[in-house]
Amino acid sequence: MKRKYVSALLASIMIAASATATAVPLAIYANSNTEMNTIAVENEIAETETAGRSIYVGAKASLDIREKVLDKLGYKDKNIDLKDVRLELKEELIEDKENPDIWIPAEETPDNMMTVQDETVTFNREGIFKVDVTVKDKTTSVLFDVDEELFAYVNLNDWVIVNGTKKTDFLDKTLVTFDETKVKSVELKDTNVNFAKNDDYLLAYEITDADGKTYEKSVIVSVTDKKTADELSEEGVWLGKNIVSITLPTEQSQTPVLGTSKQPNKGTGHSTSKPAHSTAKKPSAAPQKGNSQNASKPSESTDTVETPAHQHKYDKGVITKQPTCTEAGEKKFTCIDGDDFYTVAVPATGHSWNQGEVTVAPTCTKEGTKTFTCTECGKTKQEAIPADGHDYVAEITKEATCGEDGIKTYTCSVCGDSYTEVIPATEKHNWDAGVITKQPTCTEKGVKTFTCTVCGEIKTEEVAALGHAYDNGVITTEPTCTKPGVKTFTCTHDGCTHSYTEEVKPLGHDYVAEITKEATCGTDGIKTYTCSHCGDTYTEVIPATEKHTWDAGVVTKKPTCGKEGVKTFTCTVCGETKTEAIPKLEHAYGEWFVTREATCTENGSEARICENCGIAELRSIEPLGHDLKEEIIKEATCGEVGEKKVTCSKCDYEEIVEIPATGKHSYGEWTVVMEPTCNKAGKEQRTCSVCGHKESREIPATGKHSWNAGVVTKEPTCTETGVRTYTCTVCGETKTEEIATVSHSYGAWVTTKEPTCAAGEEQRTCSVCGHVETREIPATGEHSFGEWIIDKQASCGVAGSKHRTCSVCGETETQTIPALEHNYTTVITKQPTCTTPGEKVTTCSICGDRIVETIPAVDHNWEHHDATGHYEEKVIEEAWTEQKAIWKVVCNGCGAQFDNADEALLHVMLSPAGSGCQNYSSKVVGYETIEHPAVTEPVWVVDTPAYDICTICGTRK
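Residues numbered from 1 in each chain as written. Predicted model: local features only at pLDDT ≥ 70, side-chain atom pairs only at ≥ 80, totals over all residues. Heavy atoms only, no water.

**Focus on the overall build of the protein chain**
Here's step 1: Looking only at helices and strands, the protein chain features four helices and 67 strands.
Here's step 2: Buried positions account for 29% of the 957 residues belonging to the protein chain.
Here's step 3: Contacts in the protein chain between residues at least 24 apart in sequence constitute 48% of all its contacts with a sequence separation of at least 6.
Here's step 4: Of the roughly 58300 Å² of accessible surface on the protein chain, a fraction of 49% belongs to carbon and sulfur atoms. (Helix = DSSP H or I, 4+ residues; strand = E, 2+ residues; numbered from the N terminus. Buried < 20%, exposed > 50% of the residue type's maximum accessible area, 1.4 Å probe, protein only. Contact = heavy atoms within 4.5 Å. Areas by Shrake-Rupley, 256 points an atom, 1.4 Å probe, with all protein chains shown as cover.)

**With respect to the sheet that holds strand S5 (residues 63-64)**
Here's step 1: Spatially, S5-S9-S8 is the arrangement adopted by the three strands of the open sheet, whose pairing is antiparallel. In this open sheet, the two strands that pair with only one neighbour each are S5 and strand S8 (114-117). (Pairing = 2+ DSSP bridges.)

**Re the environment of Tyr419**
Here's step 1: Tracing the sequence through the fold places Tyr419 in strand S27 (residues 418-423).
Here's step 2: Between the alpha carbons of Tyr419 and Thr409 there is a distance of 5.9 Å; along the sequence they are ten residues apart.
Here's step 3: Residues within four places of Tyr419 in sequence aside, it is in contact with Tyr392, Lys408, Thr409, Tyr410 and Ile789.

**Let's talk about the packing of aromatic side chains**
Here's step 1: If you walk through the whole model with that rule in mind, you get 15 aromatic pairs.
Here's step 2: Aromatic pair Tyr314 and Tyr342: ring centres 5.0 Å apart, planes at 80°, arrangement edge-to-face. Here Tyr314, found in the loop between strand S18 (304-305) and strand S19 (318-321), pairs with Tyr342, found in strand S21 (residues 341-346); they are 28 residues apart in sequence, far enough to count as distant.
Here's step 3: For Tyr314, a relative accessible area of 11% gives the class buried.
Here's step 4: For the pair Phe489 and Tyr500, a centre-to-centre distance of 4.9 Å together with 10° between the ring planes defines the contact as stacked. Remark: Tyr500 occurs in strand S33 (residues 499-504) and Phe489 occurs in strand S32 (residues 485-490); sequence separation between them is eleven residues.
Here's step 5: The ring of Trp749 has Arg775 lying over it, and the distance from NZ or CZ to the ring centre is 3.8 Å. (Phe/Tyr/Trp six-rings, centres within 6.5 Å; stacked < 30°, edge-to-face > 60°. Lys NZ or Arg CZ within 6 Å of the ring centre and 35° of its normal.)

**A short note on a negative patch on the surface**
Here's step 1: A contiguous patch of negative charge on the surface is contributed by Asp64, Glu67, Asp118 and Glu119.
Here's step 2: Mapped onto the fold, Glu67 is located in helix H2 (residues 65-70).
Here's step 3: Glu67 gets classed as partly exposed once you look at its relative accessible area, which sits at 42%. (Patch = residues over 30% accessible without salt bridge, like charges linked within 9 Å, V, L, I, M, F, W, Y side chains within 5 Å. Salt bridge = Lys/Arg side-chain N within 4 Å of Asp/Glu carboxyl O. Lys, Arg positive; Asp, Glu negative; His and termini not counted. Charge placed at Lys NZ, Arg CZ, Asp CG, Glu CD.)

**Focus: the pairing of strand S20 (residues 329-334)**
Within a regular strand, the side chains alternate between the two sheet faces.
Here's step 1: Of the two faces of S20, the one lined by Gly329, Lys331 and Phe333 is fully buried and the one lined by Glu330, Lys332 and Thr334 carries no buried residue.
Here's step 2: Direction of pairing for S19 relative to S20: antiparallel, over a ladder of three bridges. Paired with Lys321 across the strands is Glu330, a residue of S20.
Here's step 3: Inspection of the sheet shows S20 paired to S21 by six bridges, in the antiparallel sense. Among the inter-strand pairings, Gly329 is bridged to a residue of S21, identified as Val346.
Here's step 4: With antiparallel pairing between neighbouring strands as the criterion, S20 and S21 make up a hairpin whose turn holds six residues, including Gly338 at a positive phi of roughly 75°.

**What to know about the sheet that holds strand S63 (residues 880-891)**
Here's step 1: Read from one edge of the open sheet, three strands run S64-S63-S65, paired in antiparallel fashion. Lying at the two open borders of the sheet, with one neighbouring strand each, are strand S64 (897-898) and strand S65 (920-932).
Here's step 2: On top of the sheet, helix H4 (residues 901-910) reaches S63, S64 and S65; it is set at about 145° to S65, its chief contact. (Axes fitted to C-alpha atoms, helices over the stretch in contact; angles between N-to-C directions.)

**What about unusual backbone geometry?**
In terms of backbone geometry, most residues other than glycine have negative phi values and most peptide bonds are trans.
Here's step 1: Positioned with a positive phi, Lys60 is a non-glycine residue whose angle comes to about 65°.
Here's step 2: The topology assignment puts Lys60 in the loop between strand S4 (48-58) and S5.
Here's step 3: Of the residues examined, Lys60 reaches a relative accessible area of 60% and is grouped as exposed.
Here's step 4: Its identity as a non-glycine residue notwithstanding, Asp118 has a phi of 55°, on the positive side.
Here's step 5: Considering the arrangement of structural elements, one finds Asp118 in the loop between S8 and strand S9 (120-123).

**Topic: a nonpolar patch on the surface**
Here's step 1: Together, Tyr871, Trp940 and Val942 make up an exposed nonpolar region whose accessible area comes to about 250 Å².
Here's step 2: By the element assignment, Val942 lies in strand S66 (residues 935-944).

**Quick look at the nonpolar core**
Here's step 1: Grouped together as the largest cluster of nonpolar side chains are 27 residues, with contacts concentrated most on Phe123, Val131 and Phe144.
Here's step 2: Secondary-structure elements contributing two or more residues to this core are S4, H2, strand S6 (85-95), S9, strand S10 (127-135) and strand S11 (138-147).
Here's step 3: Of all the elements, S10 adds the most residues to this core, at four residues.
Here's step 4: In terms of nonpolar packing, the next biggest core, distinct from the first, is built from 25 residues, Leu156, Leu203, Tyr215 and Val221 among them. (Core = buried A, V, L, I, M, F, W, Y, C linked by side-chain atoms within 4.5 Å.)

**Some remarks on the pairing of strand S29 (residues 446-451)**
Here's step 1: Here strand S28 (residues 435-438) pairs with S29 via three bridges, running antiparallel. Looking across to S29, one finds that Lys438 is bridged to Val447.
Here's step 2: Taking the residues that link successive antiparallel strands as the turn, the S29-strand S30 (residues 458-463) hairpin has six residues, and the phi of Gly456 there is positive, at about 85°.

**Thoughts on helix H3 (residues 226-234)**
Within an α-helix, residues lying three or four positions from one another point in the same direction, as the helix has 3.6 residues per turn.
Here's step 1: All of the buried residues in H3 are Thr228, Ala229 and Leu232. Looking straight down H3, one finds its buried side chains confined to an arc of 100°; they lie on one side. Exposed and oriented more than 90 degrees from the buried face of H3 are Lys226, Lys227 and Glu234.
Here's step 2: Between the side-chain oxygen at the start of H3 and the backbone nitrogen of Lys227 there is a gap of 3.2 Å, and the oxygen is on Asp225. (Arc of directions from axis to C-beta. Polar contact = N/O pair within 3.5 Å; in protein donor to acceptor, adjacent residues only side chain to side chain.)

**Comments concerning the environment of Ile128**
Here's step 1: With respect to the secondary-structure elements, Ile128 resides in strand S10.
Here's step 2: With a relative accessible area of 0%, Ile128 lands in the buried category.
Here's step 3: In this structure the C-alpha to C-alpha distance between Ile128 and Glu92, which are 36 residues apart in sequence, comes to 5.8 Å.

**A look at the confidence of the model for the protein chain**
Here's step 1: When pLDDT is averaged across the protein chain, the result is 80; 87% of the residues are at 70 or more.
Here's step 2: A low-confidence stretch, residues 1-47 (pLDDT under 50), is modelled with 118 contacts involving residues beyond four sequence positions or located in other chains.
Here's step 3: Residue range residues 245-309 is modelled with pLDDT below 50. Its contacts to residues more than four positions away, or to other chains, number 122 contacts. (pLDDT = per-residue confidence, 0-100.)

**Observations regarding the environment of Thr751**
Here's step 1: Take Thr751: it is sitting in strand S52 (residues 750-753).
Here's step 2: When the C-alpha atoms of Thr751 and Trp353 are compared, they prove to be 6.6 Å apart, with 398 residues separating the residues in sequence.

**Details of the pattern of salt bridges**
Side chains bearing opposite charge may pair, as long as their charged atoms lie close to each other.
Here's step 1: Counted by the stated rule, this structure contains 23 salt bridges.
Here's step 2: Salt-bridge contacts for Lys645 lead to Glu631; the nearest nitrogen and oxygen are separated by 3.9 Å. Remark: Glu631 occurs in strand S43 (residues 628-634) and Lys645 occurs in strand S44 (residues 642-648); sequence separation between them is 14 residues.
Here's step 3: Classification of Lys645 by relative accessible area gives partly exposed; the value is 25%.
Here's step 4: In this structure Glu631 comes out as partly exposed when scored by relative accessible area, which is 46%.
Here's step 5: Between Glu720 and Lys714 there is a salt bridge, with its nearest N and O atoms 3.0 Å apart. Neither residue differs from the other here; Glu720 and Lys714 are each classed as buried.
Here's step 6: A single network of salt bridges, built from pairs that share partners, joins Arg86, Glu88 and Lys90.

The structure is reproduced here in C-alpha cells:
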C-alpha cells in the first residue's frame, strides 16, 4: 500500500485532553493524496486499551511475536512468557466507497487473514487489521499496517519528540534496522516536523530492495511534553534524541528539511516551504547579500554552527531581469523583515520557432529543405525533409495458370520507375463435373473420369458398388400351428436374380376356454380349452369353491346390557352351520337429575338410571364460585398504599384488601436549568405534581463550535498550499483549512521537438517558480507507406512474410502472409469387407503431401432366423383320490339320520315324551371316494434354436 496510512493518535493527546480513563482514542486515516481525516474507534470492552500507534509489518512472512509485537508495545526488557500472550484478529479496515478519504470496518473479515503458530504471526495479505494483543490480564487493541512482504525485513516504528528538540536522527542505526540480503537501503524522503509545536506529523521513509526497486512508507511523529514523551517511550514508541548542532551541506541535495507542514508535499517528495535560517540550503550559485546584519553565509561541508533563534521568511520574489531566448534572467527573494535577500537565475526562454516554410521540395529519391524562424529574435534554422519515396501502383500483366507462372508489374505514379514480380503457377487444376465411364453393379465398382478444362489432364475416381436392394419378400410356404413356413426375398435391380429365404415361425395354438361344468361348495367343476385353428382340445379342473351359501341366520340367544347374544347361520346347499356373536347392548340412561345442590365453595352431585337394567350413574357438580364486587375505601397514590372491600353477591364472603402504591409520579414538563454549550453539557428538571419529587437529566453538549471568519496563517504559493485558522468564539478551540495553491504564471509555449509522422513536444516555464510544463504536439498525419514487398512466399502449412516502408520517417511495417491450405483429393484403393479393413489415399494437388488411412471393416449384415419346434402335453398336476366326509343330522335319542336340521327338528317335535328323542347334532356317518383326473397343458419344445447369419460372408451366430 503506497502512501496510505492508518495509525492511532498518541494516547498522551487523549490523556492531556481529558481526565477520564475511558477516553476514546482517535485513528488517523490518510488517502493516496496524503490528506488526513479522523474518525472514532471505540473500545469493545472497558478492560481493552487502545495503542497510540500502528505496527508496520509485511505480508506473507513469519513475524517474530516478541520482536515485532511485544517490543513495539513496551515489553522489550520484560521477561514475558509467550504462553501468556494471545493475538486475536478483530476486524479489517477498508476505504469507504462513498468517501475515499475515510476508512471503515469491513463487513466481514475472514478468519484466515492472520495465522499464529508457535512464536510467530503471519498476515496472509496486505491490509489494515485491528488485533487485540493480550499479555497476561492486559489487552491492548492495535492497528497492524500490513504492506508488501519487503516490509517484514525493515524495522520501522512511530516516534515521539520532546518539544524544543533542535534536531533528531530519524535514521538511528540502533533503531531503524533491516535485513541487508533483502533491503539495499533505507533513506528519509519527508521530514516535515515542527519541533517547536505540539502536534502529530507524517514522516516518510524510502526503502530500496536488493533489486533496486523503491517503496515508500510513512510513520507518525508526535511532538509533545517530556512527561508524555517518557510515558510513550516506556510503551514502545521510539524517543528521538536531541542533536544540538547540525552539519550544513555545501550544495542543494535531496535530504529532507525541517518545516511546519503536517502533509508530505505532492511534487518533489520534500518540503518546498522556506526553511529555517540555520538549516536553509541555498541555491548552487552564491546568493547576493542584503543590508541585514543577520544574513547567513555559505558554509563549508565540514562547518558546524549553532542554530540561531531568528528564522527568515521570504516573499514570493520579484523578476529583476527578464530572460530572453538565449540569456537567463534573475529573480530576487527578500525576507519580510527586510534583513536579508537572495537571487536565483530564471532560465532562458529558448527560441520560439514558427511552423516553418518548405524552401526546397523533396522528390521520390532526394531530400527537401524546411526553414524555421524564431518569432522573438528572428533567428532561422533549417531541417531536412525526407525524400517522398516511390508511389508504386501494382498491375497483373500476365495471369498465372495451373501450369505456368504469371507476372505482376509495379509502376511509380510520380516518376514512372517500375519493377516486376513473378506470380507462381497455381498448380490447381480446374476439373470438370466428371463422366461415368464404367457403370457400377450390385457387386462390382464403377469408374468416373474428370478432365482439367485448362490443360486437359485427366483423373479417375471409383464409384462404389450398388449392393443388393431386396423387395419386402413373399410367403412361399404357409406356417401351421406346429410347423414353420418360408418367406423368399428377391433383388430388384435390373439383371440381378439373387434371392434368399427366411423361416416364418409356427402360428401356435389359439385356445379358447369354456366352462363345461360349474364348481360348487362341495363339487369340482371342469374348464375345456379348444384351438380355433385346428380344433385341438384339453381340459382343466375347477376346484370346489369351499364357499357356503349361508341363509339370513336365526337369533338363538338375545344380548343384554352386560352379555353378548348368539346368531346361527345354515348353508342352503350342504346344511353346515356357523354362529356369530351379537354385541352386548349399551346402557339406556335417562336424563340427569340433581341429588345435591352445589354452593360457591363446595361440590354438588347428579345421577341418571339405565332403563334396561336399572343401574344408576353418578357425577360431581363443580362449585359455583364467588360473584365478587369491589368497593374502594382509600385511593393509592405514587407514595402511599390504598384499601378496598371485596364482597360476594351469592354468599356472606367479605374481605378488606390493600392497594399497592402506584410508584408512577405525575411529572410536569421538562425545564432547562442550565443551557448546554459546544463543549459543556446542560441540565433540565421536572417535578411530580402529587408528591413534589424532582427528576434531573443532562442535555448533551451541542458539539457545534461557533467559528469566526478565520485568519490566513500561511499564504499559498504556486507550489505550496496555504493555511487558514478558525477559532471558536465560545471555547477558544481552533481548526485549520487548506488554501489551494495559486496558478503558475507561465510564459509562451516553445517547441522542443517538431512533429512528423510521430508526435512532437513543446514546453512553457513558470516565471515565479521556474516549473516547466510539457505537452504533446499532434503528429502531422499517418505514415506514407509504399507497396508491400514479399520477403517469403507462403506455402502449404508454412506462412510467408512481407514488408513496407514509410517514405517520410523510414519506419518499416511487417506482416505475415497466411499459410496456404492443402488441396486434398481422396481415392479408395481397397474396399472394406465384413472381415477385412479397406484403405484410402488422400493427396495434396499443390505440394504432393500424401496421407494413407485405413477404412474400418464394415458391420455384418445379420439376417435373423427364428427357432423351430412343436407343442407337447405336459402333466402339471398328477391324478389323485379324495375321501370326502358325509355329514348327517343325527337324533341323539334314537340315532335316526336326517339330511338337514329342519327334518331332525320335526322328528324331535313328533317323538312322544320319554322316548329320548329330545335333541340332535351334526356327525360324520361315512366317507365318499372321489377320483380326480391328472391336469395337463401344452408346452413348446424347440427342435432348431434361433440363429443369425451374415448375408455377405455367411458367418452364423
